[in-house]
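Structure at a glance
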Amino acid sequence: MATETVSPACTGSSLLQPISEIINLPLDQVNFVVCQLFALLTAFWFRLYLHPSKTSPFVRHVVATLLGFYFALFCFGWYALHFLVQSGLTYGIMILTGVEHMHKYCLVVALGYLSFCQITRVYVFDYGMYSADFTGPMMVITQKITSLTFEIHDGKRMPSLLEYFSYNCNFMGILAGPTCSYNDYIAFIEGTPCRRHRDQQTNGKANGRHKQTDPSPNVIVRKLATCFFSLMVFLSVCKVFPVERNIDDDFIATTPFYAQVVYLYLSMLTTRPKYYFVWTLADAINNAAGFGFNGYTSDGSPRWDLISNLRIMDIEFATSFKMFLDNWNIQTAHWLKRVCYERCPYNPTAATFILSAMWHGAYPGYYLTFLTGIVVTLAARAMRHNVRPHFLGSPSHKLVYDVITWAGTQIAICYTVVPFVLLSVGPSMKFYRSWYFSVHIGCVLLAVALPVKPRHLRLKGQQKGLHLAPILSHLDSTSTDSNCNQKTKAT
């Protein structure tokens, strides 16, 4: 008797079910992509017909919020109500508690509600069969809620209820983010430049350039081209290099270790284009609506990367673990830095990775990845501080260093991220055992053997250098003037 294949479930609209069957993709993925493409078209309309010069911020807030919630309902059905519940609970906390403690309470409640939904989805209701889930948007909303409360704690104003829901649930970022600063979003809605851009725009006018209000079509076309290429790469090669083969017994037994390393790199490389597609499309949607201007480059070209989530070339050619992380999921890295790394008094690196694991979800593989990331980060930092200075003497030595560190970084990243893809403890530990925990052991030895100054001492040294710079500059100029005077007297 043949077993019936169970297709992935979908809690959203079934309107596109025929298309899903024709192209043989899960309905929830089809709903997501169609909604994002519709959001892109809506973003152009929003910028052209609801431009700040033509309508009020109130109308822009209302339209952005209603469209966002409609997209959420289309993709996730009644589960989209969790977005309102999470936002409503934390707004109540913001009203009832003082500025001194609201950021702590909102972090606990927002992250706790997100974790509750993630745990019940995975372990209680057995929704592991879903290829897309409602907790993805909640992850971005959690970032926005906590970022906003920390901004209020640091002296920013309290938003109105409409502004708050517009910030959390607008159509441009409800499905895939990225997160952004509340002040940046309000400046976009009201049509006023952010404070950090005013000087650049003033200088731009002085140099004959006009204030940048709308994105160039080339910016959006370039990002859409990146989306299309990433999607084609993912669909064509992802199934050729399945990650699960790394733990296949026959593959491990019959494949030389160097070939296993190469296959590991290729299998993890082919998982990244789906993220390139989703995040670049989300960035293009925001840019099409007029959101994302980030000042000018040194040559006067406008930058539209304010909320960009990745830099693909810097990821693929990263020569350090930190460089990879700094260019991957950029807005999440900024959020972790703002709410945890810069504020945690003890072991900020470990605390940041643990918070990241909790935020990502309830799968054990996430925790294995981020716990491994702690030791890899410490080892990479020790290597960079102790080894890199010896290779900076000549371009050829620097090139050798870059090639070696690129290969080491890619292997370390792939080794670290495998549990993130496999999700479960058993397969992840099987992979680590097949590598004899070699990267773990090597990183621990490097972190212990190579000295690195504690973070507070490094920051103290940097601040001391900044304070001494004007003094040294003054002494240098004084010395130069003295030498000139002596030469004048001699002549």
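Residues numbered from 1 in each chain as written. Predicted model: local features only at pLDDT ≥ 70, side-chain atom pairs only at ≥ 80, totals over all residues. Heavy atoms only, no water.

1. A few points about the side chain of Thr142
Counting through the fold element by element, Thr142 comes out in helix 6 (residues 135-153). Thr142 gets classed as buried once you look at its relative accessible area, which sits at 0%. Those residues in contact with Thr142 that lie beyond four places of it in its chain are Gln86, Ala110, Leu111, Leu114 and Trp359. (Helix = DSSP H or I, 4+ residues; strand = E, 2+ residues; numbered from the N terminus. Buried < 20%, exposed > 50% of the residue type's maximum accessible area, 1.4 Å probe, protein only. Contact = heavy atoms within 4.5 Å.)

2. Some thoughts on the UniProt feature "transmembrane region" (unreviewed entry) in the chain
The UniProt record annotates "transmembrane region" (unreviewed entry) at residues 30-50, 62-82, 102-124, 219-242, 365-383, 403-423 and 435-452. As annotated, residues 403-423 has a helix share of 95% and a strand share of 0%, and its two end C-alpha atoms lie 31 Å apart. Helix makes up 67% of residues 435-452 and strand 0%, whereas the separation of the span's terminal C-alpha atoms amounts to 28 Å. (UniProt positions renumbered as here; feature names shortened; annotations may be inferred.)

3. Structural notes on the packing of helix 6 against helix 16 (residues 330-341)
Remark: helix 6 packs on helix 16, axes separated minimally by 10 Å, with the N-to-C direction vectors making an angle of 40 degrees. Considering their axes alone, helix 6 and helix 16 lie oblique with respect to each other. Two packed elements cross with a definite hand, and for helix 6 against helix 16 that hand is left-handed. In this structure, helix 6 uses Gln143, Thr146, Ser147 and Phe150 to contact helix 16, whose residues at the interface are Thr332, Trp335, Arg338 and Val339. Of the residues that constitute the contact of helix 6 with helix 16, the class distribution is three nonpolar, four polar and one charged. (Axes fitted to C-alpha atoms, helices over the stretch in contact; angles between N-to-C directions. Parallel < 35°, antiparallel > 145°, perpendicular 65-115°, else oblique. Left-handed = near helix turned anticlockwise from the far one by under 90°. Nonpolar A, V, L, I, M, F, W, Y, C, P; charged D, E, K, R; others polar.)

4. Focus: empty space enclosed by the protein
Taken as a whole and judged by the stated rule, the model has two cavities of 30 Å³ or more. Roughly 40 Å³ of internal volume is contained in the second largest cavity. Considering the residues around the second largest cavity, the lining is formed by Lys144, Asn170, Met172, Gly173, Pro178, Cys180, Tyr185, Asn286, Phe291 and Ile307. When grouped by side-chain class, the residues that make up the lining of the second largest cavity number six nonpolar, three polar and one charged. (1 Å grid on protein atoms, 1.4 Å probe; cavity = no way out; pocket = protein on both sides within 12 Å on 5 of 7 lines; lining within 4 Å. Points joined across faces, edges and corners; volume = space filled by probe spheres on them.)

5. A look at the packing of aromatic side chains
This structure, assessed with the given rule, holds 39 aromatic pairs. When the ring of Trp279 is compared with that of Trp328, the centres are 5.1 Å apart and the planes differ by 70 degrees; the resulting orientation is edge-to-face. Residue Trp279 is located in helix 13 (residues 273-288), and its partner Trp328 is located in the loop between helix 15 (321-327) and helix 16; the two are separated by 49 residues in the primary sequence. Residue classification places Trp279 among the buried residues on the basis of a relative accessible area of 13%. Residues Tyr415 and Phe431 carry aromatic rings whose centres are separated by 5.7 Å and whose planes lie at 50 degrees to one another, so their mutual orientation is tilted. One end of the pair, Tyr415, is in helix 19 (residues 395-422); the other, Phe431, is in helix 20 (residues 425-434), and 16 residues separate them in sequence. The exposure class assigned to Tyr415 is buried, which follows from its relative accessible area of 0%. (Phe/Tyr/Trp six-rings, centres within 6.5 Å; stacked < 30°, edge-to-face > 60°.)

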